[in-house]
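# Summary of structural features
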Protein chains: 2
Amino acid sequence: METAEIIAVGNELLSGDVQDTNTHWLCRQITGLGGQVGRTAMILDDAPGITAEVRGALARRSRLILTVGGLGPTADDVTVAAVAEAANRPLALSEAALAMVQAAYDRFTRQGFVEDAAMTESRRKMAMLPTGAEPLDNPVGAAPGVLLQVDRCTIVSLPGVPDELKGIFGGALRPTLRRIFGSGAFAERVFVADCGDESVLGPVLAEVAAKHPDAYIKSRPQRFGPDVRIRILVSARGISAEAALRSLERAASHTRQALESRGIRLVPDP
Amino acid sequence: METAEIIAVGNELLSGDVQDTNTHWLCRQITGLGGQVGRTAMILDDAPGITAEVRGALARRSRLILTVGGLGPTADDVTVAAVAEAANRPLALSEAALAMVQAAYDRFTRQGFVEDAAMTESRRKMAMLPTGAEPLDNPVGAAPGVLLQVDRCTIVSLPGVPDELKGIFGGALRPTLRRIFGSGAFAERVFVADCGDESVLGPVLAEVAAKHPDAYIKSRPQRFGPDVRIRILVSARGISAEAALRSLERAASHTRQALESRGIRLVPDP
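Attention now goes to the domain arrangement of chain A. By domain assignment, chain A separates into domain 1 (3-181) and domain 2 (185-267). For domain 1 of chain A versus domain 2 of chain A, the separation of C-alpha centres amounts to 37 Å.

Residue and element names in this part refer to chain B. One pass over the full model with this rule turns up 21 salt bridges over all chains. The salt bridge involving E260 is made with R256; its shortest N-O contact spans 3.5 Å. Pair noted here: E260 and R256 are both in helix α10 (residues 241-261), with a separation of four residues, about one helical turn. Residue R256 is classed as partly exposed on the basis of its relative accessible area of 38%.

Next up on the list: the pairing of strand β7 (residues 145-150) of chain B. All names here are of chain B. With respect to burial, β7 is a largely interior element, five of its six residues being buried. Relative to β7, strand β6 (residues 134-136) runs antiparallel, the two sharing three bridges. Each residue of the ladder has a partner; that of P135, found in β7, is V146. Inspection of the sheet shows β7 paired to strand β8 (residues 153-158) by five bridges, in the antiparallel sense. Bridge assignment links L147 to a residue of β8, and that residue is V156. Count of turn residues in the β7/β8 antiparallel hairpin: two residues, of which D151 carries a positive phi of about 55°.

With 64 residues of chain A at the interface, the matching set in chain B holds 65 residues. Both faces combined, the contact of chain A with chain B buries some 5,000 Å², and carbon together with sulfur accounts for 54% of it. Our count for the chain A to chain B interface comes out at two salt bridges. A salt bridge links R39(A) to E53(B); its shortest N-O distance comes to 2.9 Å. Seen at the junction of chain A and chain B, the total is 17 residue pairs in polar contact (both at pLDDT 80 or more). Taken together, the elements giving at least two residues each to the side of chain A that touches chain B come down to α1 (11-14), α2 (22-32), β2 (36-43), α5 (95-110), α6 (121-124), α7 (162-170), α9 (198-211) and β10 (215-221) of chain A. Looking at the side of chain A that touches chain B element by element, the count peaks at eight residues for β2(A). Considered class by class, the residues forming the side of chain A that touches chain B number 26 nonpolar, 20 polar and 18 charged. Where β2(A) meets strand β2 (residues 36-43) of chain B, five bridges bridge the pair, whose relative direction is antiparallel. Across the sheet, the residue bridging to M42(A) is T40(B), located in β2(B).

Before going further, it helps to spend a moment on the packing of helix α9 (residues 198-210) of chain B against α10(B). Residues and elements named next belong to chain B. In the contact formed by α9 and α10, the axes pass within 10 Å of each other and the chain directions differ by 145°. Here α9 and α10 pass one another in a crossing that is right-handed. Residues L201, V204, L205 and V208 of α9 pack against A251, H254, T255, A258 and L259 of α10. Each residue belonging to the contact of α9 with α10 can be placed in one class, and the counts come to seven nonpolar, two polar and no charged.

With that settled, consider the relation of the copies chain A and chain B. Mapping chain A onto chain B is achieved by rotating through 180° and translating by 0.0 Å along the same axis, at an RMSD of 0.0 Å. The transformation relating the two chain copies, once decomposed into turn and shift, fits a two-fold axis. Proximity to the rotation axis, assessed at the C-alpha, singles out A41(A) in chain A; its C-alpha lies 2.0 Å from the axis. Looking at the interface residues of chain A, 100% of them are also at the interface in chain B, so both copies use one shared face.

One finds L64(A), L66(A), L64(B) and L66(B) to be the most contacted residues of the largest nonpolar core, which totals 48 residues. Contacts of L64(A), omitting those with residues within four sequence positions, involve T3(A), A4(A), E5(A), I30(A), T154(A), V156(A), L177(A), I180(A) and F181(A). Core analysis: the second largest hydrophobic core is formed by 35 residues, V80(B), V83(B), A117(B) and A143(B) among them.

The next thing to look at is the side chain of E12(A). Mapped onto the elements of the fold, E12(A) is located in helix α1. Sequence-distant contacts of E12(A), defined by excluding residues within four places in its chain, comprise D17(A), V18(A), D45(A), Y216(B), K218(B) and R220(B).

Turning next to unusual backbone geometry. A positive phi angle is found at N88(A), which is not glycine, with a value near 55°. Here N88(A) is to be found in the loop between α4 (79-87) and β4 (91-93).

So, about empty space enclosed by the protein. Within the structure shown, the criterion is met by one cavity of 30 Å³ or more. There is about 220 Å³ of room inside the largest cavity. Lining the largest cavity are 20 residues, with D20(A), M42(A), D20(B), T23(B) and M42(B) sitting closest to its centre. Among the elements of the structure, α2 and β2 of chain A together with α2 (22-32) and β2 of chain B are those that each provide at least two residues to the lining of the largest cavity. Here the residues of the lining of the largest cavity sort into ten nonpolar, eight polar and two charged.

Taken in spatial order, the twelve strands make up an open sheet running β6(A)-β7(A)-β8(A)-β3(A)-β1(A)-β2(A)-β2(B)-β1(B)-β3(B)-β8(B)-β7(B)-β6(B), and their pairing is mixed. A strand with exactly one partner marks an edge of an open sheet, and here the two such strands are β6 (134-136) of chain A together with β6 of chain B. Neighbour-to-neighbour, the strand axes of the sheet open up by a mean angle of 20°, direction not taken into account.

Turning to the packing of aromatic side chains, a few remarks are in order. Residue and element names in this part refer to chain A. A full pass over the atoms with the stated rule returns six aromatic pairs over all chains. For the pair W25 and F169, a centre-to-centre distance of 5.4 Å together with 80° between the ring planes defines the contact as edge-to-face. Residue W25 is located in helix α2, and its partner F169 is located in helix α7; the two are separated by 144 residues in the primary sequence. The exposure class assigned to F169 is buried, which follows from its relative accessible area of 1%. Note on Y105 and F108: the rings are 5.5 Å apart at their centroids and 85° apart in plane angle, and the pair reads as edge-to-face. Linking Y105 with F108, this pair stays in helix α5, spanning three residues, or about one helical turn.

All names here are of chain B. It is the contact of α2 with helix α7 (residues 162-170), at a shortest axis distance of 11 Å, that shows an interaxial angle of 20°. Comparing their axes, α7 and α2 come out roughly parallel. The hand of the α2/α7 crossing is right-handed. Contacts between α2 and α7 involve N22, W25, L26, Q29 and I30 from the former and P162, L165, K166 and F169 from the latter. Residue composition of the contact of α2 with α7, by class: six nonpolar, two polar and one charged.

What counts as what
- Residues numbered from 1 in each chain as written.
- Chains lettered and ligands numbered in written order.
- Predicted model: local features only at pLDDT ≥ 70, side-chain atom pairs only at ≥ 80, totals over all residues.
- Heavy atoms only, no water.
- Domains from an automatic or database assignment.
- Salt bridge = Lys/Arg side-chain N within 4 Å of Asp/Glu carboxyl O.
- Helix = DSSP H or I, 4+ residues; strand = E, 2+ residues; numbered from the N terminus.
- Buried < 20%, exposed > 50% of the residue type's maximum accessible area, 1.4 Å probe, protein only.
- Pairing = 2+ DSSP bridges.
- Contact = heavy atoms within 4.5 Å.
- Buried area = accessible area lost by both parts, 1.4 Å probe.
- Polar contact = N/O pair within 3.5 Å; in protein donor to acceptor, adjacent residues only side chain to side chain.
- Nonpolar A, V, L, I, M, F, W, Y, C, P; charged D, E, K, R; others polar.
- Axes fitted to C-alpha atoms, helices over the stretch in contact; angles between N-to-C directions.
- Left-handed = near helix turned anticlockwise from the far one by under 90°.
- Least-squares fit on C-alpha atoms with pLDDT ≥ 70 in both.
- Core = buried A, V, L, I, M, F, W, Y, C linked by side-chain atoms within 4.5 Å.
- 1 Å grid on protein atoms, 1.4 Å probe; cavity = no way out; pocket = protein on both sides within 12 Å on 5 of 7 lines; lining within 4 Å.
- Points joined across faces, edges and corners; volume = space filled by probe spheres on them.
- Phe/Tyr/Trp six-rings, centres within 6.5 Å; stacked < 30°, edge-to-face > 60°.
- Parallel < 35°, antiparallel > 145°, perpendicular 65-115°, else oblique.

What follows is the structure in structure tokens.
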């Protein structure tokens, strides 16, 4: 299974001013593609810190590294420069990126969102890419995404504005995602146990999980209390939707049997 | 300023099954205490991975490391064992923790949430703490939080269930937080600029920020489009509420002047 790491950049995330929702959205997407996010991080708008984090992910041999945020025109948008440093690929003006930035400002000017489309230094900064990188068309905002291949690892830098991130992920990044994850697939099923005590379920689920290494079985209590039930998530990945579903069916039916044979009833998800 | 790191543990977070809200909540709390979260990570329920992450945070000399999740009774709850390994403090039964776990199950039994309060292996696991660690009373669930001092760094392991995490953070952890963060304070103000183009604001804000190293000034566009404005966050930290507010006032009034002198109007937050 191909693994990914996500690095979200932004002081406003760490100060608690903004709840990061991009990481969660990307985790769901990658899981749905049959991949596995192995680790995510949230770090400050600080170039050496971003460089260190990207180097760490490269050293862990992740297949895909997604950075989120810090692509804009302001001085504290330092992600692309930090990625360039981590990959030893000096920044250089990309004509393809510059054309995208210019086209975006032409569009914004026609729409009356900005005064004019002149290529200022701040705007040109968004076209400075690591040597050998490709820009990814941003259908919403001005800053292109950045795609950089470093040996077997693909590093993709996405903007932090959710609409822009989703636009690039679902658009220009599609072929790359298909190349990395192929036809991998993921399937899951949720059971709800009429039991408020996770310590009773623990040994049963551990026994089932040991017999299904291709599946993932996890109980999740919300809290103790009346009417509190425990959700049990059974999931499986495979090289095709059929393979994932077969693994899931085996693990799910074993989970159900093991719980019912211990007198634990399964009930509909409330 | 004292810095903290947060490590959230759980396969369900990385699969995208659950949006992690604990990290954001903790970031807000620590910022409010005058501290700074320097980095957060989200990692799998995997003991060697958790150990590596905690060791990384120790090497970065964070003053406070918060781990979240993986304290429960099931086999995939491995956080405390992984922290013990990272700190070289073998697990041992804590009588104080055992008393807390027993008291919790006595309470759940009286309330009818569980069948009985017998101390099973699964339940006793929650009382196995790194040598020298202290349990932190969990007012909601069964698993105590775990407080471990390693040289100048305080490692605190909190449960992933939000109500339990908040109960410990606002309760048993209070004295420790006061000891670490003292009377540190944080203040912030938000401006909204009647301008949809961050590339125009960039140079102005960079100039102001350079003159106020004790403050933090950040623009945040939502997206391009009609009626889209840019929020500008000005914040400052200080050793007291008064000091933070003074730094904030200086930076905020300078920000306002610099924007208005360039003809950028400030409008109420919609």
